[in-house]
Amino acid sequence: MENIDLQLFKNIMAEARNNTDLLDSFSPNQFKSKQKLVDMIHNYVDINSDTEIVIFGGWYGSILIPMFKEVKKITLIDLDEEVINIASNRLFTHYKNVDFRIQDVFELNKLNQYRSANLFINTSCEHMAPMKEWPLWEWILRRNNPYFAFTSNNMFGIEGHTNCVNNIEEFKKQLPDTSKVLSENEVTDERGSRYLLVGKI
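About the thresholds
- Residues numbered from 1 in each chain as written.
- Predicted model: local features only at pLDDT ≥ 70, side-chain atom pairs only at ≥ 80, totals over all residues.
- Heavy atoms only, no water.
- Helix = DSSP H or I, 4+ residues; strand = E, 2+ residues; numbered from the N terminus.
- Rg over C-alpha atoms; globule rule 2.2 N^0.38 Å.
- Buried < 20%, exposed > 50% of the residue type's maximum accessible area, 1.4 Å probe, protein only.
- Areas by Shrake-Rupley, 256 points an atom, 1.4 Å probe, with all protein chains shown as cover.
- Phe/Tyr/Trp six-rings, centres within 6.5 Å; stacked < 30°, edge-to-face > 60°.
- Salt bridge = Lys/Arg side-chain N within 4 Å of Asp/Glu carboxyl O.
- Arc of directions from axis to C-beta.
- Polar contact = N/O pair within 3.5 Å; in protein donor to acceptor, adjacent residues only side chain to side chain.
- Disulfide = S-S within 2.5 Å.
- Contact = heavy atoms within 4.5 Å.

Moving on, we get to the overall build of the protein. Helix and strand counts for the protein come out as eight helices and seven strands. Taken against the 2.2 N^0.38 rule, which gives 17 Å for 201 residues, the C-alpha radius of gyration of the protein at 16 Å falls within 12% of a compact globule. A principal-axis box enclosing the C-alpha atoms of the protein has dimensions of 45 × 40 × 30 Å. Taking all 201 residues of the protein together, 54% fall into the buried category. Accessible surface, the protein as shown: approximately 10000 Å² in total, 45% of it carbon and sulfur.

Applying the stated rule across the entire model yields 13 aromatic pairs. Between Phe56 and Trp134, the aromatic rings sit 5.0 Å apart at their centres with planes inclined by 55°, giving tilted as the arrangement. Pair noted here: Phe56 is in strand 1 (residues 52–56) and Trp134 is in the loop between strand 4 (119–122) and helix 7 (137–141), with a separation of 78 residues, a long-range link. The pair Phe56 / Trp134 is uniform in exposure class, with both members buried.

Let us look at the pattern of salt bridges. A full pass over the atoms with the stated rule returns seven salt bridges. Salt-bridge contacts for Glu52 lead to Lys72; the nearest nitrogen and oxygen are separated by 3.8 Å. With Glu52 in strand 1 and Lys72 in the loop between helix 4 (64–67) and strand 2 (73–78), this residue pair connects regions lying 20 residues apart in the sequence. Judged by relative accessible area, Glu52 falls into the buried class, the value being 13%. For Glu169, the salt bridge goes to Lys172, with nearest N and O atoms at 3.1 Å. Taken together, the residues span about one helical turn, with Glu169 and Lys172 both in helix 8 (residues 168–172) at a distance of three residues. Here the salt bridges share partners, and the residues they tie into one network are Glu169, Lys172 and Glu184.

Bringing helix 1 (residues 6–16) into the picture now. Along an α-helix, residues three or four apart share an orientation, since each turn contains 3.6 residues. Every buried residue of helix 1 is listed here: Leu8, Asn11, Ile12, Glu15 and Ala16. Mapping the buried residues of helix 1 onto a view down its axis gives an arc of 120°, with all of them on the same face. Counted as exposed and oriented over 90 degrees from the buried face of helix 1: Leu6 and Lys10. If you check the start of helix 1, you find a side-chain oxygen 3.3 Å away from the backbone N of Gln7, and it comes from Asp5.

A few words on the state of the cysteines. Under the definition given, this model contains zero disulfides. The thiol of Cys164 is unpaired, and the distance to the nearest cysteine sulfur, on Cys125, comes to 11 Å. Residue class for Cys164 comes out buried when judged on its relative accessible area of 9%.

Looking at where Asn122 falls in the secondary structure, it is placed in strand 4. For Asn122, a relative accessible area of 0% gives the class buried. Engagement of the side chain of Asn122 in a polar contact is seen with the backbone nitrogen of Ser124, the distance being 2.7 Å. In contact with Asn122, other than residues within four places in its own chain, are Phe56, Met128, Met131, Ala149, Phe150 and Thr151.

Have a look at this one:
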């Protein structure tokens, strides 16, 4: 984030007084891995005012939304109704290009945003079924060949981590069959390793 968004900062401070979960979404480890992923994205994807992004399992969108604030549209999808309500009604109230949706990513819901998306981001692959099993890739590929930026990790002992991987090669096997990996990286912290993949579907 090149310029400080003072309104967002005020919103975060007001909400974080009683919300440690929100503070965790801004942890140094979260920043480290997401900044690396965004750098990888910018090396291969032309991010501009016409770009449309879909974020799967986006949590509060704490770090990613401000990093892509210049794009045409961000659609953030998460199962947690409370998290989405906080993000949309307390944090990003002044962001007019973000659409928050409460739903299971794997529900067969053919959103128009899917067909027009230039980039799919999922930094929560460890929380859901492999991305190759997402049922709408074939439907999307009839019109569009978007980029992807996915992360997973080997942190098996954390609650909610139902689909961790042991290494980046194992993670690659969870990609859609049509995927081409353009960049890969690994970020480590005291709990384990995060695996980062950017490519084209």
